[in-house]
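Given next are the chains, with one letter for each unit.
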Amino acid sequence: PRSKDSKSETVLLDYASPNIAKKLHVGHLRSTLIGNALQRILTFRGYNVLSVNHVGDWGTQFGMLIAYILKSHSSEQIEILLNSPHHFKIETLTKFYRAAKERFDNDSEFAREAKMMVVRLQMKDEVSVQYRLWNSICEVSRREYSQIFDLLDIRIKEMGESFYSTMLDSCVESLVVSGIAKTNRNIVFVGSRTNPIIIRKSDGAYGYMATDLAAMRYRFNDMNANRIYYVTGDEQSNHFSNLFKIASAAGWLIEDSKESSGAKAEHIGFGLVKKSDGRRFRTRSGETLDLINLLNEAIRSSAEKLKTFGPAKTRAQNNYNHHKMPKSIGISLVKYAELRRCRQKSYVFKSDEMTGNIADSKNTAWYLLYTHCRAKALLNGVSEKSLQSGSIKLVHESELELAFEILQFGRILEIALSKKRPDMIAKYCYRIALCFNRFYHACSVKTGPMKVSREKIVSKFCKALRTSLDLLGIVALDRM
């Protein structure tokens with residue numbers, strides 16, 4: 001079913017948004033997978049969805065990184081980075097970033113130089129060393145996260161902070177002219193002098209708020225978005241609250257959620273992914289688990305487990321099992337382990353849960369995928385014509401239970417969309433799989449007078465589970 005306004009509405013999803021020059025770690029999973037699931041749900045419901053990767057490719061961190069490289073490396077080393085960025089790995093840039101951050105925090109003169117570097121970078125002098133270094137750094141980083149996005153089957157348009165750099169002056173000027181923003185000693189701010197929201201710093205550098213304001217205006221005016229959803233951590237809730245208030249004062253959006261029309265924005269927050277000690281993952285500390293390593297381990301673990309499935313001869317003949325299936329299952333394990341959690345809650349990361357190596361193996365993608373394969377096997381040799389003819393008769397209690405859950409799909413979808421909670425779809429997948437397996441063990445499908453009716457039930461179950469898994473970005477397999 002589609003909502004009555006979905007065909008005419010364009011929803012822009014801002015998610016993933018990694019920072020350039022930093023490796024993606026497991027803490028980046030939430031925004032990426034929740035955002036992608038919402039993209040799939042909205043698209044399924046008929047909305048025109050624009051997905052944007054607002055990468056952190058601008059600002060103070062680049063000033064300090066470029067200043068560090070220029071100060072700590074010879075001209076020959078800098079030339080290599082400028083002319084042959086493919087020789088560099090993201091690990092090298094991450095080391096540079098950590099060293100630059102430590103120096104920035106402890107050396108006031110270096111901090112001053114880094115801030116001035118930001119101003120020079122924002123001038124966009126494309127022949128300058130600073131700007132060329134920035135381009136090379138972005139290229140190295142893009143290669144890293146593109147590999148991960150490809151594994152996760154994420155299709156998203158990169159429109160980083162730098163994309164809006166030429167729009168900052170006019171955006172901020174419009175806020176000053178309208179009286180929303182004030183100036184004092186070259187500082188542009190909103191609010192009181194005692195508790196200001198800084199838009200432009202005294203040195204002329206723009207902060208995150210200016211970039212987000214320019215991005216919002218562009219998305220509404222030029223990309224024709226009706227709604228913008230920001231999928232980021234709960235720790236940014238104050239920032240977005242201030243952003244929405246300023247944009248509302250400027251007339252760019254309507255803050256009143258009861259209004260049925262007009263431009264709207266919403267922060268879809270989520271809890272932290274924590275380490276075993278309860279602290280959050282941070283790139284600068286070096287105590288992170290790289291996301292690419294987690295995905296590769298999930299794929300490797302899936303390949304090992306598949307070796308135990310079926311006779312060796314059958315496995316040897318099944319090329320799909322050996323090459324494509326481990327990757328599909330491994331990625332599905334990670335996606336389901338994340339998306340089955342309520343987004344508002346924080347959790348302690350455990351790699352075994354992500355790769356499916358846990359005692360309770362039912363509530364994993366393994367169980368869901370195997371259940372789908374089991375159901376599809378019951379339909380081998382059954383014609384589409386047979387599935388379309390006749391009626392369904394519900395006799396056994398397990399049939400009634402399964403039919404009831406199948407019919408809940410539309411209701412669950414609506415609630416999941418309204419609450420922006422993909423975990424409700426994941427929980428539905430698990431619930432309906434449990435119902436099917438009770439039905440499978442209690443009722444004969446391939447023989448007996450109820451054969452045609454029960455085959456139809458199995459077919460409808462497959463459709464409900466396959467569709468639900470697809471909304472989570474998980475590919476339902478027909479065999480394992």
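Above this note sits the structure.
Criteria and thresholds
Residues numbered from 1 in each chain as written. Predicted model: local features only at pLDDT ≥ 70, side-chain atom pairs only at ≥ 80, totals over all residues. Heavy atoms only, no water. Pairing = 2+ DSSP bridges. Helix = DSSP H or I, 4+ residues; strand = E, 2+ residues; numbered from the N terminus. Contact = heavy atoms within 4.5 Å. Axes fitted to C-alpha atoms, helices over the stretch in contact; angles between N-to-C directions. Right-handed = clockwise from strand over helix to strand, strands pointing away. Salt bridge = Lys/Arg side-chain N within 4 Å of Asp/Glu carboxyl O. Buried < 20%, exposed > 50% of the residue type's maximum accessible area, 1.4 Å probe, protein only. Arc of directions from axis to C-beta. Parallel < 35°, antiparallel > 145°, perpendicular 65-115°, else oblique. Nonpolar A, V, L, I, M, F, W, Y, C, P; charged D, E, K, R; others polar. 1 Å grid on protein atoms, 1.4 Å probe; cavity = no way out; pocket = protein on both sides within 12 Å on 5 of 7 lines; lining within 4 Å. Points joined across faces, edges and corners; volume = space filled by probe spheres on them. Patch = residues over 30% accessible without salt bridge, like charges linked within 9 Å, V, L, I, M, F, W, Y side chains within 5 Å. Areas by Shrake-Rupley, 256 points an atom, 1.4 Å probe, with all protein chains shown as cover. Core = buried A, V, L, I, M, F, W, Y, C linked by side-chain atoms within 4.5 Å. Expected span 1.5 Å × (residues − 1). Phe/Tyr/Trp six-rings, centres within 6.5 Å; stacked < 30°, edge-to-face > 60°.

Let's talk about the sheet that holds strand 3 (residues 157–158)
An order of 3-2-1-7-8 is seen for the 5 strands of this open sheet, with the pairing classed as parallel. At either end of the open sheet lies a strand with only one pairing partner, and these are strand 3 and strand 8 (264–268). Those strands touched by helix 8 (residues 208–221) are strand 1 (10–14), strand 2 (48–53), strand 7 (227–231) and strand 8, and its axis lies near 140° from that of strand 7.

Focus on the pairing of strand 2
Pairing between strand 1 and strand 2: 5 bridges, direction parallel. Looking at the pairing, aspartate 14 lines up with valine 52 of strand 2. Taken together, strand 1, helix 1 (residues 29–44) and strand 2 form a β-α-β motif whose crossover is right-handed. Pairing analysis gives 2 bridges linking strand 2 to strand 3, with the strands arranged parallel.

Topic: the pattern of salt bridges
Inspection of every chain in the model, using the stated rule, returns 25 salt bridges. Where glutamate 353 meets arginine 341, a salt bridge forms, and the shortest distance between an N and an O atom there is 2.5 Å. Of this pair, glutamate 353 sits in helix 14 (residues 351–354) while arginine 341 sits in the loop between helix 13 (325–339) and strand 10 (347–348), placing them 12 residues apart in sequence. Put simply, arginine 421 and aspartate 423 hold a salt bridge, and the shortest N to O gap is 2.8 Å. The exposure class of aspartate 423 is buried, given its relative accessible area of 1%. Through salt bridges with shared partners, one network takes in Arg40, Asp153, Arg155 and Asp470.

Description of unusual backbone geometry
Although it is not a glycine, alanine 16 sits at a positive phi angle of roughly 75°. Here alanine 16 shows up in the loop between strand 1 and helix 1.

Re helix 17 (residues 397–406)
All of the buried residues in helix 17 are Ser398, Glu399, Leu402, Ala403, Glu405 and Ile406. Buried residues of helix 17, viewed axially, fall in a sector of 160°; they line one side. Looking at the buried side of helix 17, the elements it contacts are helix 18 (409–419), helix 19 (423–442) and helix 20 (451–471).

Looking at the sheet that holds strand 5 (residues 187–191)
If you walk across this open sheet you meet the 3 strands as 4-5-6, and the pairing is antiparallel. Looking along the sheet, the strands with just one partner apiece sit at the ends: strand 4 (182–184) and strand 6 (196–200). Mean inter-strand twist for the sheet, computed between neighbouring axes without regard to direction, equals 40°. Where strand 4 lies against strand 5, 3 bridges are found, and the strand directions are antiparallel. Residue pairing across strands places threonine 183 opposite valine 188, the latter belonging to strand 5.

What to know about the packing of helix 7 (residues 168–177) against helix 8
Between helix 7 and helix 8, whose axes approach to 9 Å, the crossing angle comes to 90°. One way to sum up the angle between helix 7 and helix 8 is to call them roughly perpendicular. Taken together, the residues of helix 8 that come into contact with helix 7 (itself represented by Leu168, Ser170, Cys171, Val172, Ser174 and Leu175) are Ala210, Thr211, Leu213, Ala214 and Arg217. Taken together, the residues of the contact of helix 7 with helix 8 break down into 7 nonpolar, 3 polar and 1 charged.

Details of the layout of surface pockets
Roughly 1,300 Å³ of internal volume is contained in the largest pocket. Taken together, 42 residues form the lining of the largest pocket, with Ser17, Asn19, Glu235, Gln236 and Arg280 sitting closest to its centre. Those elements that provide at least two residues to the lining of the largest pocket are helix 2 (60–72), helix 4 (90–106), helix 8, strand 7 and helix 9 (237–249). Taken together, the residues of the lining of the largest pocket break down into 15 nonpolar, 17 polar and 10 charged. Roughly 290 Å³ of internal volume is contained in the second largest pocket. Taken together, Ile392, Leu394, Ala403, Ile406, Leu407, Phe409, Ile457, Lys460, Lys463, Ala464 and Thr467 make up the full set of residues lining the second largest pocket. No other element matches the 5 residues that helix 20 contributes to the lining of the second largest pocket.

Describing a nonpolar patch on the surface
Where nonpolar side chains cluster on the molecular surface, the patch consists of Ile392, Leu394 and Leu400 and spans about 230 Å² of accessible area. Summarising the element assignment, leucine 400 is placed in helix 17.

Comments concerning the packing of helix 18 against helix 19
The N-to-C vectors of helix 18 and helix 19 enclose an angle of 155°; their axes lie 9 Å apart at closest approach. The orientation of helix 18 with respect to helix 19, classified from their angle, is roughly antiparallel. Contacts from Phe409, Ile412, Leu413, Ile415, Ala416 and Lys419 in helix 18 reach Met424, Ile425, Tyr428 and Arg431 in helix 19. Of the residues contributing to the contact of helix 18 with helix 19, the split by class is 8 nonpolar, no polar and 2 charged.

Re the nonpolar core
Within the largest apolar cluster, 123 residues are counted, with the highest numbers of intra-cluster contacts made by Ile137, Ile329, Leu402, Val458 and Phe461. The element that contributes the greatest number of residues to this core is helix 19, accounting for 12 residues. In this structure isoleucine 329 touches Ser302, Leu306, Trp366, Leu369, Leu477 and Met480, once residues within four positions along its chain are discounted. Of all hydrophobic cores here, the second largest spans 35 residues; its members include Val188, Val190, Tyr206 and Ala214.

Considering helix 9
Between its terminal C-alpha atoms helix 9 stretches 18 Å, which fits the 18 Å expected from 13 residues at 1.5 Å a residue. Every buried residue of helix 9 is listed here: Phe240, Leu243, Phe244, Ile246 and Ala247. Summarising the axial view, the buried residues of helix 9 lie within an arc of 165°, below the 170-degree limit, and thus occupy one face. The exposed residues of helix 9 that point more than 90 degrees off its buried face are Asn238 and Ala249. Phi for glycine 251, located one or two positions after helix 9, is positive at around 85°.

Remarks on the packing of aromatic side chains
A complete count under the given rule lists 16 aromatic pairs for this structure. Their ring planes at 70° and their centres at 5.3 Å tell us that phenylalanine 163 and tyrosine 218 sit as a pair that is edge-to-face. With phenylalanine 163 in the loop between strand 3 and helix 7 and tyrosine 218 in helix 8, this residue pair connects regions lying 55 residues apart in the sequence. Take phenylalanine 163: its relative accessible area is 34%, and that puts it in the partly exposed class. Between the aromatic rings of phenylalanine 436 and phenylalanine 461, the centroid separation amounts to 4.4 Å while the plane-to-plane angle is 10°, which identifies the pairing as stacked. Here phenylalanine 461 lies in helix 20 and phenylalanine 436 lies in helix 19, a separation of 25 residues in the sequence.

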